[in-house]
Amino acid sequence: MTINRSGSANTAAAKILKRCDELAAFSSMEGGVCRVYLSPEHQQANDRVGQWMRDAGMSVVVDAAGNVRGRLEGSVAEAPALIIGSHLDSIPDAGKYDGILGVLLGIDAVERIRQADLNLPFALEVIGFGEEEGVRFGTTLMTSRACAGTWDDAWWSVTDETGQSLQDSFARFGLVAADIDQARIDPTKVLAFVEAHIEQGPVLESMGLPLGVVSAIAGARRLQLSISGMAGHAGTTPMNLRKDALVAAALGVALAEELANEHGLVATVGQIACTPGGVNVIPGTAEFSLDIRSGDDALRDRVLAEFETRLTTICTERGLTLSISHTHKAAAVGCAQPLQALFADAVARVGCEVHHLESGAGHDAMAMADICDVAMLFIRCEGGISHNPAEAITAADTAIALDALVAFIENFAKTYKS
Ligand SMILES: [Zn+2]
């Protein structure tokens, strides 16, 4: 589906894509994009994005966590804000759009609202978060958590790969660690947080749709499973007298796929290993990981319980022992229904079919959900590819995403009651 936008939307889309190219040049990596938290490249990105925010008519600050924040006041002084944001940091050898696009769409949407003189009774803010990917200090969503007031002081002593602590990095960046609480956003001063982001998956492209309304950001659970049997000679041990740990693990992998298909969630075994690992030896032990995600925590937990029960039976029947350790658990974050409805209406108004989908990846909106309602708009990306230099979007989709974001703000204004 390709929808032609007006000339001004196309001009804005071309500008946004050019800006994505400009930001990609702020990189620590020769021939690729890498921009981590509190690096010189982060500073450059903040400076440039801050200038674009000012050009769009916003006042700009860099907050106590290093986020660049632009604000357009409404008709009422110090009114609460509708916040639009995403992140400016990247993984090593990244694409040009993950995170960046959402910040730049926000800036242009605010500029459009300002030019239209809508006289909104609330403020608009755009935040370019400094840290989402967790590359430098191993924790994701650090700066959106600073805004949400869920910063963890245990992070201060964490060091990067060069041995520099987060605390020292703050000082080098010109920030004051003791002031971190000043980045916190007063929940009474925020109306909602919305994030536009490339989909990072193949669903929209497969459906021929430029945009998707996110229903929830999936929660994840991770397990390490260990199966013990008996190693033995591959030639002399008959099939009915074996305790082959790897066969049970393989049945576990297939079971995870079967249950995920049956219940409409995603489950992945990304690591598997067995010992002793000889071509002529029956595997005595097998270890594997399981990552299971859903926008519905209760469903995910039910499916996981069924997986554990059935795998236990498989192992018992084969004379094997199974041990399971739970290594990670994150709750799903639902996007607020009223905001989803406003996005759905906006997407329909710009001429697109409305499709709701879950986000399998984490986003800054997860952290912001602690202080306000959140919503997300996904933009189709080529091949569903992200976290890869091949990340690509079209100017036509960028134009329609901008129109939809502006339409969302207009919808939000219509339903807003101070
Ligand atoms: Zn991202």
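Computed from a prediction, not measured in an experiment: that's the story for all the values here.

### Focus: the coordination of the zinc ion
And then number 1: Looking at the zinc ion, the protein donor atoms are His-87 (NE2), Asp-98 (OD) and His-197 (NE2), and they sit 2.0 to 2.2 Å from it.
And then number 2: Coordination of the zinc ion draws on donor residues from a single chain, spaced H-x10-D-x98-H in sequence. You can see His-87 sitting in strand β3 (residues 81-87) and its partner His-197 sitting in strand β5 (residues 190-198), a full 110 residues away along the chain.
And then number 3: The exposure class assigned to His-87 is buried, which follows from its relative accessible area of 0%.

### Looking at the packing of aromatic side chains
And then number 1: For the structure shown, the criterion picks out ten aromatic pairs.
And then number 2: Judged by centre distance (4.9 Å) and plane angle (65°), the rings of Phe-122 and Tyr-416 are edge-to-face. With Phe-122 in the loop between α3 (100-115) and β4 (123-129) and Tyr-416 in the segment after α11 (395-415), this residue pair connects regions lying 294 residues apart in the sequence. Both residues of the pair, Phe-122 and Tyr-416, belong to the buried class.
And then number 3: Aromatic pair Phe-343 and Phe-408: ring centres 4.1 Å apart, planes at 25°, arrangement stacked. With Phe-343 in helix α9 (residues 337-349) and Phe-408 in helix α11, this pair connects stretches of sequence that are 65 residues apart.
And then number 4: Classification of Phe-343 as buried rests on a relative accessible area of 1%.
And then number 5: Take Phe-408: its relative accessible area is 0%, and that puts it in the buried class.
And then number 6: Chaining the aromatic ring pairs together yields one cluster made of Tyr-37, Trp-151, Trp-155, Trp-156 and Phe-170.

### Topic: the layout of surface pockets
And then number 1: Roughly 600 Å³ of internal volume is contained in the largest pocket.
And then number 2: If you go around the largest pocket, you meet 28 residues; those closest to its centre are Thr-140, Leu-141, Ala-330, Gly-362 and Met-366.
And then number 3: Elements supplying a minimum of two residues to the lining of the largest pocket: β7 (219-228), β13 (321-330) and α10 (364-368).
And then number 4: Grouping the amino acids of the lining of the largest pocket by side-chain chemistry returns nine nonpolar, twelve polar and seven charged.
And then number 5: In this structure, the lining of the largest pocket is formed jointly by two domains, domain 1 (7-217 + 332-415) and domain 2 (219-330), each of which donates at least three residues.
And then number 6: When its volume is computed, the second largest pocket comes out at roughly 430 Å³.
And then number 7: Looking at the second largest pocket, it is lined by 19 residues, and the ones nearest its centre are Val-266, Glu-358, Ser-359, Gly-360 and Ala-361.
And then number 8: Listed by contribution, the elements that provide at least two residues to the lining of the second largest pocket are β12 (285-294) and β15 (356-359).
And then number 9: Residue contributions to the lining of the second largest pocket peak at three residues, all from β15.
And then number 10: Of the residues assigned to the lining of the second largest pocket, the class counts are eight nonpolar, eight polar and three charged.

### Things to note about the state of the cysteines
And then number 1: Throughout the structure, instances matching the rule amount to zero disulfides.
And then number 2: No disulfide involves Cys-352; its sulfur sits 16 Å from that of Cys-381, the nearest cysteine.
And then number 3: With a relative accessible area of 6%, Cys-352 lands in the buried category.
And then number 4: Unpaired in terms of disulfides, Cys-381 finds its nearest cysteine sulfur in Cys-20, a separation of 13 Å.
And then number 5: For Cys-381, a relative accessible area of 1% translates into the label buried.

Thresholds applied
- Residues numbered from 1 in each chain as written.
- Predicted model: local features only at pLDDT ≥ 70, side-chain atom pairs only at ≥ 80, totals over all residues.
- Heavy atoms only, no water.
- Donors = N, O, S within 2.8 Å, 3.2 Å for Na, K, Ca; no water.
- Helix = DSSP H or I, 4+ residues; strand = E, 2+ residues; numbered from the N terminus.
- Buried < 20%, exposed > 50% of the residue type's maximum accessible area, 1.4 Å probe, protein only.
- Phe/Tyr/Trp six-rings, centres within 6.5 Å; stacked < 30°, edge-to-face > 60°.
- 1 Å grid on protein atoms, 1.4 Å probe; cavity = no way out; pocket = protein on both sides within 12 Å on 5 of 7 lines; lining within 4 Å.
- Points joined across faces, edges and corners; volume = space filled by probe spheres on them.
- Nonpolar A, V, L, I, M, F, W, Y, C, P; charged D, E, K, R; others polar.
- Domains from an automatic or database assignment.
- Disulfide = S-S within 2.5 Å.

None of this, on its own, says anything about what the molecule does.
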